Amino acid sequence: MNSMNAPEEIVLHGIAAAPGIVMGPAYLFEKHIPRIEEKSIAAEDVEREINRLKNAVARSEKELQKILSLAEQKMGDNKAKVFEAQIMILNDMILFNAIYHRIERERKNSEFVVHGEITKYQQVMLSSSDEYMRERVHDVEDVKNRVIRNIQHEKILSRFDDHSIVVAPILTPADTILFSRNEVLGYATDSGGNTSHAALFARALKIPSVVGLKNVTSCVHTGDYLVVDGYNGVVIVHPSEKTKTECRERIERFDAFEATLNTLRSLPATTIDGKHIMLTSNIEFPEEIDYVNAQGSEGIGLYRTEGVLMGRDSFPPEEEQYEQYKTVADKAFPHSVIMRTFDIGGDKVMAQEHFEENPFLGWRGIRLSLDRPEIFLPQIHALLRASVRGNVRIMLPMVSGLKEIRLAKKFIEEAKAKLRQNNVPFDEAIKIGVMIEVPSAALLAGEIAQEVDFLSIGTNDLIQYLLAVDRDNEVVSSLYQEFHPAVLRTIDHIIREAKRHHTPVGMCGEMAGDPLATLLLLGLGLDAFSVVPTVLPEIKKIIRAVSIVEAKEIASRALAMDSEEDIKEFLRINLAAIAPDIPLPEE
Ligand code: PEP
Ligand code: MG
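Residues numbered from 1 in each chain as written. Chains lettered and ligands numbered in written order. Predicted model: local features only at pLDDT ≥ 70, side-chain atom pairs only at ≥ 80, totals over all residues. Heavy atoms only, no water.

**Describing the coordination of the magnesium ion (ligand 2)**
- The magnesium ion (ligand 2) binds to the protein through Glu 437 (OE) and Asp 461 (OD); the donor distances cover 2.0 to 2.1 Å. With Glu 437 in the loop between β13 (431-436) and α15 (439-443) and Asp 461 in helix α17 (residues 459-467), the pair connects residues that are 24 residues apart, well separated along the chain. The same class applies to Glu 437 and to Asp 461, which are both buried. (Donors = N, O, S within 2.8 Å, 3.2 Å for Na, K, Ca; no water. Helix = DSSP H or I, 4+ residues; strand = E, 2+ residues; numbered from the N terminus. Buried < 20%, exposed > 50% of the residue type's maximum accessible area, 1.4 Å probe, protein only.)

See the structure below:
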């Protein structure tokens, strides 16, 4: 490239996943296509390199053991044999001794040697006349990639410069957390939807992000200067001086708007005709609560307990869970915390360790908990023990019908009986609620409302299941519509049914934190909103600017419309009239 000519500005459009604008250098993170570079290492580093490899092998074996036991349980011994064979490869001392010797002798980096030696092994298998042997080449490939990934995992953070924008094909929730611990500026990814858990975490961690950019990784090199506009879903590569100035001005404007929101923090979320709305926050980690309290939140409407699993490869024991839940309950006190039992599976933590063709339709949430009492019961014990101050509620995810609720309640009663027996205190009046996020549960909202103490609408999943649109798939992201007429009517049905049975109903899906939805949801009668804490003051501002009478009128007109475009346009006009300074994404 000619250094005299500034590279041309490239504007890429994706999906706004976490708000905010940032500028800075890119760090290209390509963990899925590990690039194996040949590097020489100094004599004094040989031992460290070998240890690194040994750790990676041990870690890979641990991962495979866990997959093996899950696979045996769910797929039967036969299919699980694949993983047994993979573990045997890791224990093949002839192979690994050859690798260790080569690292010592040739002083090359471990992933280069691992790649070379295992590829040789694969070539021998491929030339075999035995078809079975040839088919096993893929399993060996998996083992190779797993070991290399584990070696590189350790190396990623040592290469990552703080204050960079991570550009990647896709990020997992674990990656999002990993980088956030190193002061990442922003995220830009080829794939992903804005309710993927990586996106949710980015929002919770206040890291501006754009996902679903399709080809950002092919336009960017490490070190390139970028703008990430997480409000509008735009990434600009090599921004011109003019663009940079404009961005700086926009950042200043947003900062000034944020400052005006500060005055709202201590005010209640009450409409102008006096209806108090329970405005709470969604969190994943205890560390977030100080920020949540500072934002003027009335407690936690969704604590995704999967946060306790982050960065670990086994379920934490009851005691460790109890410590975390107790910290959350204490920090939120006197406000209440809705703690959701593990919602593992789908795109979440540990999902990668148990392969399913359709994980979102698979072994996820309450299904896994009910099948695995040895996971569910310690969690319930820990949650109950954390409830002594009376401010904890338990919520069940991914419920599709009454049977699951009744069974879960039986487990909860069993746990309570055990605690009583051992004189361990807990809140005897603890409330149990259910997420309404599967269409069957939405249809049964009335029956479910009679079975539990509260309902919480999980629009992130409800929309994907109702409209049959994968929440993580950018190819169909335009079909993932919060304001689809069927979504509005389903929410209306759930709220009506809950009210008919005097069961409180809230919403903790991302829609609750979308300013464009606030008037509508108020008008439909929603009593509690749980939102990502960054947007809480904005939502409060809208609530305080409208009357329920007005909101009801808006909701009933929106409900009568039959197109998403019309509904959005109608809500946009109304919001602009009621709260003109609320920034909305450009259409
Ligand atoms: C939801 O589905 O709306 C929800 C809040 O749960 P999660 O995003 O954790 O699946
Ligand atoms: Mg959900």
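Structure shown, so let's carry the discussion forward.
**Thoughts on the packing of aromatic side chains**
- By the definition in use, this model includes 5 aromatic pairs.
- Between the aromatic rings of Phe 96 and Tyr 100, the centroid separation amounts to 6.3 Å while the plane-to-plane angle is 45°, which identifies the pairing as tilted. Of this pair, Phe 96 and Tyr 100 both sit in helix α2 (residues 93-106), 4 residues apart, which is roughly one turn of that helix. Just as Phe 96 is buried, Tyr 100 falls in that class too.
- Where Phe 315 meets Phe 342, the ring centres are 5.8 Å apart and the plane angle is 50°; that geometry is what we call tilted. On the criterion of sequence distance, the pair formed by Phe 315 in the loop between β10 (299-304) and α11 (318-332) and Phe 342 in the loop between β11 (336-340) and α12 (366-371) is long-range, its members being 27 residues apart.
- The ring centre of Tyr 322 lies 4.0 Å from the NZ or CZ of Arg 385, which sits over that ring. (Phe/Tyr/Trp six-rings, centres within 6.5 Å; stacked < 30°, edge-to-face > 60°. Lys NZ or Arg CZ within 6 Å of the ring centre and 35° of its normal.)

**Section: unusual backbone geometry**
- Cis peptide bonds are those with omega within 30 degrees of zero, and the linkage from Phe 333 to Pro 334 qualifies with 10°.
- Its place among the elements puts Pro 334 in the loop between α11 and β11.
- With a phi angle near 50°, Arg 107 is a residue other than glycine that sits in the positive phi range.
- Tracing the chain through its elements places Arg 107 in the loop between α2 and α3 (110-126).
- Among the residues examined, Arg 107 registers a relative accessible area of 39% and is labelled partly exposed.
- For Asn 423, which is not glycine, the phi torsion reads 55° and is therefore positive.
- On the basis of relative accessibility, which here comes to 69%, the residue Asn 423 falls in the exposed class.

**As for helix α9 (residues 241-262)**
- The end-to-end C-alpha separation of α9 is 32 Å, in line with the 32 Å expected for 22 residues at 1.5 Å each.
- Taken together, the buried positions of α9 are occupied by Thr 243, Lys 244, Cys 247, Arg 250, Phe 254, Phe 257 and Leu 261. For α9, the buried positions fall inside an angular range of 140° around the axis, keeping them on one side. Structural note: α9 exposes Glu 241, Lys 242, Glu 252 and Arg 253 on the side pointing more than 90 degrees away from its buried face.
- Tucked inside the fold, the buried residues of α9 contact β3 (21-28), β7 (225-229), β8 (234-237) and α20 (536-543). (Expected span 1.5 Å × (residues − 1). Arc of directions from axis to C-beta. Contact = heavy atoms within 4.5 Å.)

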